[in-house]
Amino acid sequence: MIFQQVVFYCFAATAIISALAILTTRNVLYAAFLLMITFLSIAAIYVFAAAEFIAIAQIMVYVGGILVLMVFGVMLTNRISGAAVTTGNHHRFWGLFIGISFFTLICTVIIKANFGQLPWIMSGRETYTAPVGTAINNIGIKLMTDFILPFEIAAIILLLALLGAAFVARKPQKN
Amino acid sequence: MNTYWLNIKYAVSSLYTGLKLSFRHILEANESRKPIGMADTTYFQQQTGIVTLQYPHQSIAVPDNGRYRLHNEIDDCIVCDKCAKICPVNCIEIEPIRAVEEIGKTSDGTSKRIYAAKFDIDMGKCCFCGLCTTVCPTECLTMTKAYDFSEYDVADHNYAFAEMTPLEILEKKQKLEVFAREKEAKAAALKANAPKEDTPGAGIPKPSFKPKLNVRPVAKPLNIEEKPADDAKAMALEIMRKKNDAANRSAQAKPVFRPLIKSTETPPSIDQEEKKEEKDPVPAPSKPIFRPRPMMKKPKDEGEAEK
Amino acid sequence: MTTFLFFLPFLLVYTVFAVYAERKVSAFIQDRLGPMEAGYYGIAQTVADLLKLLQKEDIVPAAADRKLFLAAPIVIFTVVFAGFAVLPLTSGYAGSTAEVGVFYLLAIISLDVIGILMAGWGSNSKYALFGALRAVAQIISYEIPLGLSILCVVMISQTLDLQEISFQQGIWIHDKPTYPGLLQENYLFGLKALGIETTHIGGILTWNIFRMPLFFIAFIIFFIASLAECNRAPFDLPEAESELIGGFHTEYSGFRWALIMLSEYGMMLLVSFLGAILFLGSWNTPLPNMGVVKLAEWTSGSPGSVAGHLWGGFWLISKALILVLVQMWIRWTYPRLRVDQLMALCWKYLIPASLILLLLSGVWRLLMI
Ligand code: SF4
Ligand code: SF4
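Position numbers for residues count from 1 along each chain, tracking the sequence in the order it is written. Think of it this way: whatever chain is written first is A, whatever ligand is written first is 1, and the rest follow in order. For this predicted model, a pLDDT threshold of at least 70 governs which residues receive local features, and a threshold of 80 or more governs which side-chain atom pairs are given and counted, while totals over whole chains, interfaces and linings are taken from all residues. Side-chain metrics rest on all non-hydrogen atoms present in the structure, leaving aside hydrogens and water.

**So, the site of ligand 1**
If you check the shell around ligand 1, you find Leu-70, Cys-87, Pro-88, Val-89, Cys-91, Ile-92, Cys-126, Cys-127, Phe-128, Cys-129, Gly-130 and Cys-132 of chain B and nothing else. Charged means Asp, Glu, Lys or Arg here, nonpolar means Ala, Val, Leu, Ile, Met, Phe, Trp, Tyr, Cys or Pro, and polar covers whatever is left, Gly included. Residues of the shell around ligand 1, tallied by class, amount to 11 nonpolar, 1 polar and no charged. Put simply, a residue is near a molecule or strand once any heavy atom of it comes within 4 Å of that molecule or strand.

Encoded structure:
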């Protein structure tokens, strides 16, 4: 157990340090690559929470998809404008203020909340079975039963986005 | 929509054809071309299989009339300078020294009157056009079938065919000087005696021939200075000289002459060595007058040299 | 869990011989001899090349972004090697038995892009940048047909676990403790209505490509997309020696270049393993039991036994290596695609086809129950 804790804290520290580094670096591209490290270490933490599926989805969607598009965009704009893309700090006071107040808010709420009394955790304790081999099945079954509506709505939104992209990208009509 | 399916059909069939083709070549790769030359009747028979040879280990026999590296049979050269003149890339360098009398006959009976202090062919520059061999009046300059003569040092591409030692060169030059001085003195005396008879030029033998000789050596150094491309050559010469110096020092010490004859010193070339080998069995004095052309004799020696 | 102890040396040795094989295959296709000098029949040529590469200076261009430039090859190799973590090697010896194995591999393949982007950007050279941009556009596009064709298999197998998928394709289908809802017996072409049970016949008949005959097309789509993912010809636009002088690895030399080469060949091996596991019966023997001639049992030991390990490893590795050879054969047969052809092939042909296959797989799965 102690080994796993050490590994967990390592990943947590990596996530926090790289997140802080994103804030301090002025090079947007470095920030993007640091963001990748943050995502990966968060994915590792998901694995520790026995949520492999989420971890992989995180890597696939955020690192493989969104991040690559971001870096891609930065590269193109940089080469076109000719100047290095950098970030600056604006509104330091308000930024710090809002950030810190949200942080304290969330911390107090988390500490105050009594997670142990949540019904699904209670029931999970009673019928505890090893989560091996069933998580994905459960996710699939849940998606197709309890959460079918949000799932389908998400699917339709994605389809619309795809259609929109195709519409924007198509050749102008001749007439 | 129709083109869509046609595209797929075409793509599938052409991709399949391509794969079949390259797979056939993989299968055929178990047979390989034999190192047989053009002369062989089966030369064109093998159409499939691996076509390359492992060159240094195997090689295709070159026909005897192959036209590759030049060779000059210096004993037959009358140093007429024709080859140097015709050469389109100026890669033949000749330094003639007039002899005071006929110095011998070539194998076809032409009389030789000029020594070749230097007869260099830079194979690195040669474009193997063969013009020099066609103009050569005594057919001593020929192309041989040796084609693999790569070197580690670019200076080694310069083949020296002249066989005179620096001592001989100096001797001949002095002889010529003495002869010229005597002749001048004679001419002056003649002039003093009968100035009117001088104008037809009967007194001086072959005045037209002499300037020709002088022009070349004078023109050459000028060229070297002008052309930037010759810097490389100068460098190569420098390297050559250093090498030669070292070689000479170890072989035979002639430090006295070295500064004087810088440009005439050339590295001992393969051809010279070959020639020595070739000459050894044939005693020089008993040279037949109608000797077979060196080209015909070369193959054996060079074939051996390759191996 | 310890398969990386096998895969790391295997990958290195494999790369050495794969480079040699690549040169020989290309030579034979072009009626040449290929390397012949170093060692018997040139066998040590790659070793010699490798020694030369390791001795070379590790040049970092002055204008390069030093940190990214130095990190990129390591990222690329790490990512590719991480992919091997979930591969099963034999019936009793698998890597991480993560139940999301297939999904993980897809994620890993998309991570490869990051390393390529770092290399392309960090080099600060127009060739490298062009190569990287092309690589990204290509890999992101081809991830879709790749993912869809893998999804077809997942749909039939009803699991993301590679070891589970392997067990389903052979005679040892009952040997894996599993959860309800998975198939327990195989039928010819997966059709229960035909009534020919192949559970105990095994061999090639229970491979996925036979359980669902349309998987032949799915496999071809998978193979094409995997070629594009590895940046192999005819999809080697990101490297395109003739126009980009090597693309994203133009500026690399010495050890780092060797590392990039190693990851390229590692990626080839990875997708070949994946293809073999998903479509070609994984570590199962291709020989079926025929009456008393129990070829399938003779050529594959029961899971966990020594024979099971040896036969399993042998079949899986030879299948993967054959696929690698096919990749080489294809590379030296076809010319490189143009960018628009590349995109047209992906979006107009492969994606619609794989979508239809996905639908058909769903239908087929219903017929299998
Ligand atoms: S072959 Fe042509 S280029 Fe060569 S030396 Fe003779 S004339 Fe000059
Ligand atoms: S043309 Fe022939 S004879 Fe005249 S100088 Fe050249 S090699 Fe000698």
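Further notes follow.
**Comments concerning the interface of chain C and chain A**
The contact definition used throughout considers only heavy atoms, calling two residues in contact when any of these lie within 4.5 Å. Taken residue by residue, the interface counts 24 residues in chain C and 28 residues in chain A. Once two parts are joined, some of their accessible surface, as seen by a 1.4 Å probe, is lost; buried area is that loss totalled over both. Taken over both partners, the interface formed by chain C and chain A buries close to 2,600 Å², and the fraction arising from carbon and sulfur atoms is 78%. The salt bridge criterion pairs a side-chain nitrogen of Lys or Arg with a carboxyl oxygen of Asp or Glu, the two atoms within 4 Å. Inspection of the region where chain C meets chain A yields 0 salt bridges. Any pair of nitrogen or oxygen atoms within 3.5 Å is treated as a polar contact; in protein, a donor-acceptor pairing is required on top of that, and neighbouring residues in sequence qualify only through side-chain atoms on both sides. For the pair chain C and chain A, the interface holds 0 residue pairs in polar contact (both at pLDDT 80 or more).

**Observations regarding the nonpolar core**
Put simply, a nonpolar core is a bunch of buried Ala, Val, Leu, Ile, Met, Phe, Trp, Tyr and Cys residues held in one set by side-chain atoms that sit within 4.5 Å of each other. The rule is simple: take the accessible area with a 1.4 Å probe, protein chains only, and divide by the maximum for that residue type; under 20% is buried, over 50% is exposed, in between is partly exposed. In terms of nonpolar packing, the biggest core is built from 133 residues, with Phe-84, Phe-273 and Leu-278 of chain C touching the most fellow members. The dominant element in this core, judged by the number of residues it contributes, is helix H4 (residues 101-123) of chain C, at 16 residues. Every residue in contact with Leu-278 of chain C, bar those within four places of it in the chain, is listed here: Val-102, Ile-150, Val-153, Leu-162, Ile-165, Gln-169, Asn-208 and Phe-222 of chain C. Formed by 25 residues, the second largest nonpolar core is a distinct cluster that contains Ile-74, Ile-94, Phe-119 and Cys-136 of chain B. Each helix corresponds to a stretch of at least 4 residues labelled H or I by DSSP, and each strand to a stretch of at least 2 residues labelled E; elements are numbered beginning at the N terminus.

**Details of the interface of chain C and chain B**
A common way to express how large an interface is: the accessible area buried when the components associate. Between chain C and chain B, the contact holds 15 residues from the first and 20 residues from the second. Of the roughly 1,500 Å² buried at the junction of chain C and chain B (both faces included), carbon and sulfur atoms supply 64%. Area buried by chain C at its contact with chain B is led by Asp-31, Trp-329 and Tyr-349 of chain C, which between them contribute 39% of it. The interface formed by chain C and chain B holds 0 salt bridges in total. Linking chain C with chain B are 9 residue pairs in polar contact (both at pLDDT 80 or more), by the criterion used here. For the side of chain C that touches chain B, the secondary-structure elements that each account for two or more residues are helix H1 (3-29), helix H12 (306-331) and helix H13 (339-368) of chain C.

**Concerning the sheet that holds strand E5 (residues 114-122) of chain B**
Residue and element names in this part refer to chain B. At least two bridges found by DSSP between two strands are what make those strands a pair. Sheet architecture is open: 3 strands sit in the order E2-E5-E7, paired in antiparallel fashion. Edge strands, defined here as strands with exactly one partner in the open sheet, are strand E2 (92-98) and strand E7 (158-160). Neighbouring strand axes in the sheet, compared pairwise and without regard to direction, differ in orientation by 15 degrees on average. The pairing of E2 with E5 spans 7 bridges and is antiparallel. Residue pairing across strands places Pro-96 opposite Ala-116, the latter belonging to E5. Its contacts with the sheet put helix H4 (residues 166-193) on E2 and E5, and the angle it makes with E2 is roughly 50 degrees. Angles run from 0 to 180 degrees between N-to-C directions of axes, and those axes are lines fitted to C-alpha atoms, restricted for helices to the stretch in contact.

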